[in-house]
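Here's the letter readout for the chains.
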Amino acid sequence: MQQSEFLNVVMPFKDKLYRLAKRLLVSKEEAEDATQEVLLKLWSKNESMADYKNVEAFAMTMTKNFCLDRLKSKQASNLKLVHSNYQDENTSLQKQLEAEDSVRWMERIMDTLPEQQKMVLQLRDIEQYEFEEICELLDMKPTAVRVTLSRARKTVREELAKKHSYGIG
């Protein structure tokens, strides 16, 4: 596979790799490094890439495994917590602060979820993957994916309800 073909195959889902890495590693820098590593590994396999039925699913699995290995390594204690602030010129400062607060709350809640729930929620609700694709990526049965997603959503709902019932705590 030539470089241009490789780029045509990989570039459409590069951002998804990054978002998954960021969800798992939290740090923007760590997620960028992980994405680069996965892309390098994919390039090293470019001769055999035609053999893969779904290159995107293969790349997402590689990203998930790389990030989980990274978290398990000794370097995990050195991960930096870096959060990006998103700005929109058209919104008032109050709305912008509320939006940033909501994003931070969701990130905090998602960070408390077990790894599997975090990944299923990220892939389904944020990346918009189909259930079949999630089953393939995470090597799970459809029922297990649905139950895991349901539990993750329930936990998020309960935590948000607590926040709104009791205020910020």
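About the criteria used
- Residues numbered from 1 in each chain as written.
- Predicted model: local features only at pLDDT ≥ 70, side-chain atom pairs only at ≥ 80, totals over all residues.
- Heavy atoms only, no water.
- Helix = DSSP H or I, 4+ residues; strand = E, 2+ residues; numbered from the N terminus.
- Contact = heavy atoms within 4.5 Å.
- Salt bridge = Lys/Arg side-chain N within 4 Å of Asp/Glu carboxyl O.
- Buried < 20%, exposed > 50% of the residue type's maximum accessible area, 1.4 Å probe, protein only.
- pLDDT = per-residue confidence, 0-100.
- Phe/Tyr/Trp six-rings, centres within 6.5 Å; stacked < 30°, edge-to-face > 60°.
- Lys NZ or Arg CZ within 6 Å of the ring centre and 35° of its normal.

### Comments concerning the environment of A57
Residue position: A57 is located in helix α4 (residues 55-72). Not counting residues up to four positions away in its chain, the partners in contact with A57 are E136 and L137.

### With respect to unusual backbone geometry
In this structure, Q128 takes a positive phi of about 65° despite not being glycine. As for its position among the elements, Q128 is in the loop between α6 (115-126) and α7 (131-138). Here D139, not a glycine, exhibits a phi torsion of approximately 55°, which is positive. With respect to the element layout, D139 can be found in the loop between α7 and α8 (142-166).

### Notes on the pattern of salt bridges
A full pass over the atoms with the stated rule returns 7 salt bridges. A salt bridge links R19 to E127; its shortest N-O distance comes to 2.8 Å. Residue R19 is located in helix α2 (residues 14-25), and its partner E127 is located in the loop between α6 and α7; the two are separated by 108 residues in the primary sequence. With relative accessibility at 35%, the residue R19 sits in the partly exposed group. Linking E159 and K162 is a salt bridge whose minimum nitrogen-to-oxygen distance equals 3.0 Å. Taken as a pair, E159 and K162 lie in helix α8 at a separation of 3 residues, close to a single helical turn. Residue E159 is classed as partly exposed on the basis of its relative accessible area of 26%.

### Here we look at the confidence of the model for the protein
On average, residues of the protein score 80 in pLDDT, and 86% of them are at 70 or above. Helix α5 (residues 93-112) is the least confidently modelled element of the protein, averaging 78 in pLDDT, while helix α3 (residues 28-44) averages 89, the highest of any element.

### Describing the packing of aromatic side chains
Evaluated as defined, the whole model comprises 1 aromatic pair. Centre to centre, the rings of F6 and W43 are 4.9 Å apart; their planes meet at 75°, and the pair counts as edge-to-face. Linking F6 in helix α1 (residues 3-10) with W43 in helix α3, this pair joins segments that are 37 residues apart in sequence. Lying across the ring of Y129, K16 places its NZ or CZ 4.7 Å from the centre. Above the ring of W105, the side-chain terminus of R108 is found at 5.2 Å from the ring centroid.

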